[in-house]
Amino acid sequence: QVQLVESGGGLVQAGGSLRLSCVASGNIFSIKVMGWYRQAPGKQRELVARFTSGGRTVYVDSVTGRFTISRDNAKNTMYLQMNTLKPEDTAVYYCNAFSLRDYWGQGTQVTVSS
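Residues numbered from 1 in each chain as written. Predicted model: local features only at pLDDT ≥ 70, side-chain atom pairs only at ≥ 80, totals over all residues. Heavy atoms only, no water.

Visitor: Got a minute to help me understand the nonpolar core in this structure?
Guide: Nonpolar side chains in soluble globular proteins tend to be buried together. Grouped together as the largest cluster of nonpolar side chains are 28 residues, with contacts concentrated most on Leu4, Trp36, Leu80, Met82 and Tyr93. When residues of this core are traced back to their parent elements, those giving at least two are β1 (2–7), β3 (18–26), β4 (33–39), β5 (46–51), β7 (67–72), β8 (77–82), β9 (91–98) and β11 (108–113). Contacts of Leu4, omitting those with residues within four sequence positions, involve Cys22, Val23, Ala24, Met34, Cys95, Asn96, Ala97, Tyr103, Trp104, Gly105 and Gln106. (Core = buried A, V, L, I, M, F, W, Y, C linked by side-chain atoms within 4.5 Å. Buried < 20%, exposed > 50% of the residue type's maximum accessible area, 1.4 Å probe, protein only. Helix = DSSP H or I, 4+ residues; strand = E, 2+ residues; numbered from the N terminus. Contact = heavy atoms within 4.5 Å.)

Visitor: Before we go on, may I ask you to explain the side chain of Ser99 in this structure?
Guide: If you trace the backbone, Ser99 turns up in the loop between β9 and β10 (102–104). Overall, Ser99 belongs to the buried group, its relative accessible area being 5%. Apart from the residues lying within four places of it in its own chain, the contact partners of Ser99 are Ser30, Ile31 and Lys32.

Visitor: How should unusual backbone geometry be read in this particular structure?
Guide: Phi is mostly negative for residues that are not glycine, and the peptide bonds are mostly trans. The phi dihedral of Asn76 is positive, around 50 degrees, even though this residue is not glycine. Within the fold, Asn76 resides in the loop between β7 and β8. Since its relative accessible area comes to 33%, Asn76 is described here as partly exposed. Of note in this structure, Thr84 is not a glycine but carries a positive phi near 50 degrees. Residue placement: Thr84 occurs in the loop between β8 and β9. Residue classification places Thr84 among the partly exposed residues on the basis of a relative accessible area of 44%.

Visitor: Could you clarify how one ought to interpret the state of the cysteines in this entry?
Guide: This model, assessed by the stated rule, comprises one disulfide. A sulfur-sulfur separation of 2.0 Å characterises the disulfide bridge that pairs Cys22 with Cys95. Between Cys22 and Cys95, the S-S torsion sits near -75 degrees, and that sign places the bridge as left-handed. Of this pair, Cys22 sits in strand β3 while Cys95 sits in strand β9, and the two are 73 residues apart along the sequence. When sorted by exposure, Cys22 lands in the same class as Cys95, which is buried. (Disulfide = S-S within 2.5 Å.)

Shown next, in the form of structure tokens:
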């Protein structure tokens, strides 16, 4: 059992920045990988960034160089630093953790105005 609580979403102008946070609780030691996904209206949910089981990071091409995924193990928190935001980044962003199954946060809305 893993619980994920997200924060940091909001409205921002194009070119601005936001930092999303995801605090994990419960059986955190069971977590194998974590990452961030997003879903825009009428679109499929897509991977934004994630850690691999080997400790590497993976980014979708559209955010590479602008977004950075990180974590603070002492705080059981994962972050997504989003810089140079574009209107096409507008979506609900979800925190994901995988142990024996997938766990999801409630989602946080990110809206980027042009």
